Amino acid sequence: MTSRREFLQQSVAMALMPALRSGLYHEPSGYAQPASRPRPTRAQLDWQRDELALFCHFGVNTFTNREWGDGREDPSIFNPSALDCREWTRAAKACGAKALILTAKHHDGFCLWPTATTTHSVASSPFRNGQGDLVREFVDACRADGLRPGLYLSPWDRNHPAYGDSPRYNDVYRAQLTELLTRYGNIHEVWFDGANGEGPNGKRQQYDWPATWSLVRRLQPNAVMFSDAGPDVRWIGNERGVAGETNWSTVRPEIVPVPGLEGAEVMRSLQQGDRDGTVWRPGETDVSIRPGWFWHPAEDTKVRSADNLKQLWFTSVGRNSKLLLNVPPTSSGRFHVTDVANLRLMRERLDARFADPVTRSARGRWAVQSDTAATLTLSLPRPVEIGAVDLREDISAGQRVAAFVLEGQTAAGWQTLVAGTTIGYRRAEPLAPVTVTALRLRITDAVERPRQVAVAAFAPV
Ligand code: FUL
């Protein structure tokens, strides 16, 4: 049943739709949450439902074996011998990723597209005889394979002479963004970090984030912007692939107003979000398949195994986050065979894990006890052994559950299988195998009147 308040919210959202469609109304936190708690925008919902995206760190560092270039690299070293972005996108598709993000420019300042803002770019390299445009090849390959392209433009630039001369460099940065966001069609995610250094003048660059964000909103109204401070999606606070066990998609924006801040309260808010958050800003978990972000031959033997990748999936997607998994192309311009094989195997394991819900023919009874409590009971037709559970809130109506207990009815009575706080888009947990005849989800705390949560359980694999 739609409550009166939900009906009103839907009506307000629908009244705003023409403005949204016309692109006049861009503020993601504004439209779907007039009188109450935050709701995701369409773009934020699509972003989360993708679940898995790949990150491609590629640039001069790929050829110098470094993680951070110093900006003095000779563009002539950028010469991938067999670059094929379709090979990246096919591997991405095969492992179930729905989007890819490319380092259009990393801290070294080398631009992977021919830009008018600097000569430190592919145009000065032997790649395609100086006629190449890697951003174009990347975006085209994504589209050919039905994947959504995203771009990372490092604000820290160790090459550009204007860096540190704040207003002048901010103009350069915005000019670069304008090129990237007007030449290549729809870009679905624009990725910013907070890395910040000094320029050749010895001064620390002051970024102008509000101006940057409003430029992106104007040029690509359907893109989500990532940074510590969003505004659309936030960093999860570590690069280990682990979201908070408590993970709200809502935040209090005043705690992390700009990227690059440190401190315990900032990290807590990034990791866990804020229960009383006033904007919708879900967490993205970025982590590399290798120890480094860029390719290093010595790390060819240190690629994460399929089981390790599967674990990362559980601690990110399975904790109401999105997994942005970095797979760095080698100096040939292709993924390494080990990375591709392990990605494929990860997908096989995940598919097997969730292939056969034993709850498919369960009978469910949903009862709301109060504004903060509800119970879902699922009776199974016969005793079954389970080894994993998957809980989901319909987040288009916001995130509501603040505490829950999932119990299983065993021969010894009701037993707690999982006791947790948030659920959100997805809360997936592996379990020690146990035979149950019924499952009971008790929501014991919620920030809005609970709506029915989907509960699925799976046989041990
Ligand atoms: C950080 C950078 O300093 C790393 O090199 C890497 O690109 C990571 C994803 O973001 O801010």
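Reading guide: rules and limits
Residues numbered from 1 in each chain as written. Predicted model: local features only at pLDDT ≥ 70, side-chain atom pairs only at ≥ 80, totals over all residues. Heavy atoms only, no water. Helix = DSSP H or I, 4+ residues; strand = E, 2+ residues; numbered from the N terminus. Rg over C-alpha atoms; globule rule 2.2 N^0.38 Å. Contact = heavy atoms within 4.5 Å. Areas by Shrake-Rupley, 256 points an atom, 1.4 Å probe, with all protein chains shown as cover. Axes fitted to C-alpha atoms, helices over the stretch in contact; angles between N-to-C directions. Left-handed = near helix turned anticlockwise from the far one by under 90°. Nonpolar A, V, L, I, M, F, W, Y, C, P; charged D, E, K, R; others polar. Domains from an automatic or database assignment. Buried area = accessible area lost by both parts, 1.4 Å probe. Salt bridge = Lys/Arg side-chain N within 4 Å of Asp/Glu carboxyl O. Polar contact = N/O pair within 3.5 Å; in protein donor to acceptor, adjacent residues only side chain to side chain. Disulfide = S-S within 2.5 Å. Parallel < 35°, antiparallel > 145°, perpendicular 65-115°, else oblique. Near = heavy atom within 4 Å. Core = buried A, V, L, I, M, F, W, Y, C linked by side-chain atoms within 4.5 Å. Buried < 20%, exposed > 50% of the residue type's maximum accessible area, 1.4 Å probe, protein only. Expected span 1.5 Å × (residues − 1). Arc of directions from axis to C-beta. Lys, Arg positive; Asp, Glu negative; His and termini not counted.

**Q** Requested: an account of the overall build of the protein, with residues and values cited.
**A** Per the secondary structure count, the protein includes 10 helices and 16 strands. The C-alpha atoms of the protein give 23 Å as radius of gyration, which agrees with the globular expectation for 461 residues (23 Å, within 12%). Overall size of the protein, expressed as C-alpha extent along the three principal axes, is 70 × 50 × 40 Å. Once local pairs closer than 6 in sequence are excluded, the contacts in the protein between residues at least 24 apart make up 75%. Counting every atom, the protein has about 18,400 Å² of accessible surface; 50% of that belongs to carbon and sulfur.

**Q** Run through the packing of helix 4 (residues 85-94) against helix 5 (residues 134-144), naming residues and quoting values.
**A** Two elements in contact, helix 4 and helix 5, have axes whose closest approach is 8 Å; the angle formed by their N-to-C orientations is 35°. Crossing angle aside, the handedness with which helix 4 passes helix 5 is right-handed. On the side of helix 4, the interface is formed by C85, R86, W88 and T89, while helix 5 contributes L134, E137, F138, A141, C142 and A144. Here the residues of the contact of helix 4 with helix 5 are counted per class, giving seven nonpolar, one polar and two charged.

**Q** Describe in detail the domain arrangement of the protein, supporting the description with residues and values.
**A** One can read the domain layout of the protein as domain 1 (4-31 + 356-458) and domain 2 (42-353). Computed over C-alpha atoms, the centres of domain 1 and domain 2 are 31 Å apart. Every contact between the two is made by 28 residues of domain 1 and, on the other side, 25 residues of domain 2. Of the roughly 2,200 Å² buried between domain 1 and domain 2, counting both surfaces, carbon and sulfur atoms make up 55%. Summed over the shared surface of domain 1 and domain 2, the number is three salt bridges. Notably, a salt bridge pairs E51 with R426, separated by 2.8 Å at the nearest N-O pair. Across the contact surface, domain 1 and domain 2 share 11 residue pairs in polar contact (both at pLDDT 80 or more).

**Q** How would you summarise the state of the cysteines if you had to cite specific residues and measurements?
**A** This structure, assessed with the given rule, holds zero disulfides. Looking at the unpaired C85, the closest cysteine sulfur is the one in C142, lying at 7.9 Å.

**Q** Which residues make up the packing of helix 6 (residues 166-183) against helix 7 (residues 209-219), and what values do they have?
**A** Relative orientation of the contacting elements helix 6 and helix 7 amounts to 20°, with a least axis distance of 10 Å. Judged by the inter-axis angle, helix 6 sits roughly parallel to helix 7. The interaxial crossing formed by helix 6 with helix 7 has right-handed handedness. In contact with Y173, R174, L177, T178, L181 and T182 of helix 6, helix 7 contributes A211, T212, L215, V216 and L219. Per-class residue counts for the contact of helix 6 with helix 7 are seven nonpolar, three polar and one charged.

**Q** So what's going on with the side chain of S288? Residues and values would help.
**A** Inspection of the secondary structure puts S288 in strand 9 (residues 283-288). Within the local environment of S288, its side chain forms a polar contact with the side chain of N326, the two groups lying 3.0 Å apart. Contacts of S288, omitting those with residues within four sequence positions, involve W293, R304, L325 and N326.

**Q** Report on the site of the ligand, specifying residues and quantitative values.
**A** The local shell around the ligand consists of F55, H57, W68, H106, H107, Y152, W191, D193, E239, D286 and W293. Note that an oxygen atom of the ligand is positioned 2.7 Å from one of the side-chain N or O atoms of H57. Between the ligand and H106, the relevant distance is 2.9 Å, taken from an oxygen atom to a side-chain nitrogen or oxygen of the residue. Protein contacts shield 89% of the accessible area of the ligand, which totals 290 Å² for the unbound molecule.

**Q** Any chance you could break down the nonpolar core for me, citing the residues and the numbers?
**A** Core analysis: the largest hydrophobic core is formed by 91 residues, its most contacted members being L54, W88, V135 and L325. Inspection of this core shows a minimum of three residues originating in each of domain 1 (4-31 + 356-458) and domain 2 (42-353). Ignoring sequence-local partners within four residues, the contact set of L325 consists of L52, A53, L54, F55, V287, S288, I289, L309, L312 and L343. Counting 26 residues, the second largest nonpolar core, distinct from the first, contains L376, L380, L391 and L406.

**Q** So what about helix 6? Which residues, and what values?
**A** With 18 residues, helix 6 extends 26 Å between its outermost C-alpha atoms, agreeing within 8% with the 26 Å of an ideal straight helix rising 1.5 Å per residue. When we look at burial in helix 6, the residues that qualify are S166, Y169, N170, V172, Y173, Q176, L177, E179, L180 and L181. Where the residues of helix 6 are buried, they touch strand 2 (99-105), helix 5, strand 3 (148-153), strand 4 (189-191) and helix 7. Directly after helix 6, the chain includes G185, whose backbone phi takes a positive value near 75°.

**Q** How would you explain the environment of A432 if you had to name every residue and give the values?
**A** When you line up the elements, A432 lands in strand 15 (residues 427-446). Residues A432 and A223, 209 residues apart in the sequence, show an inter-C-alpha distance of 40 Å.

**Q** Let's hear about helix 2 (residues 42-49): which residues, and what values?
**A** Of all the residues in helix 2, the buried ones are Q44, L45, W47 and Q48. Considered in projection along helix 2, the buried side chains sweep an arc of 160° and stay on one side of the axis. Downstream of helix 2 by one or two residues, E51 has phi in the positive range, about 65°.

**Q** Quick rundown of the side chain of D228? Include the residues and the values.
**A** Tracing the sequence through the fold places D228 in the loop between strand 5 (224-227) and strand 6 (233-235). One buried charged residue, D228, forms no salt bridge at all, with the nearest opposite charge on R234 at 9.4 Å. At a separation of 2.9 Å, a polar atom in the side chain of D228 contacts the main-chain amide nitrogen of G260. Filtering out sequence-adjacent residues up to four positions away, D228 remains in contact with R234, W235, V256, V258, P259, G260, L261 and L270.

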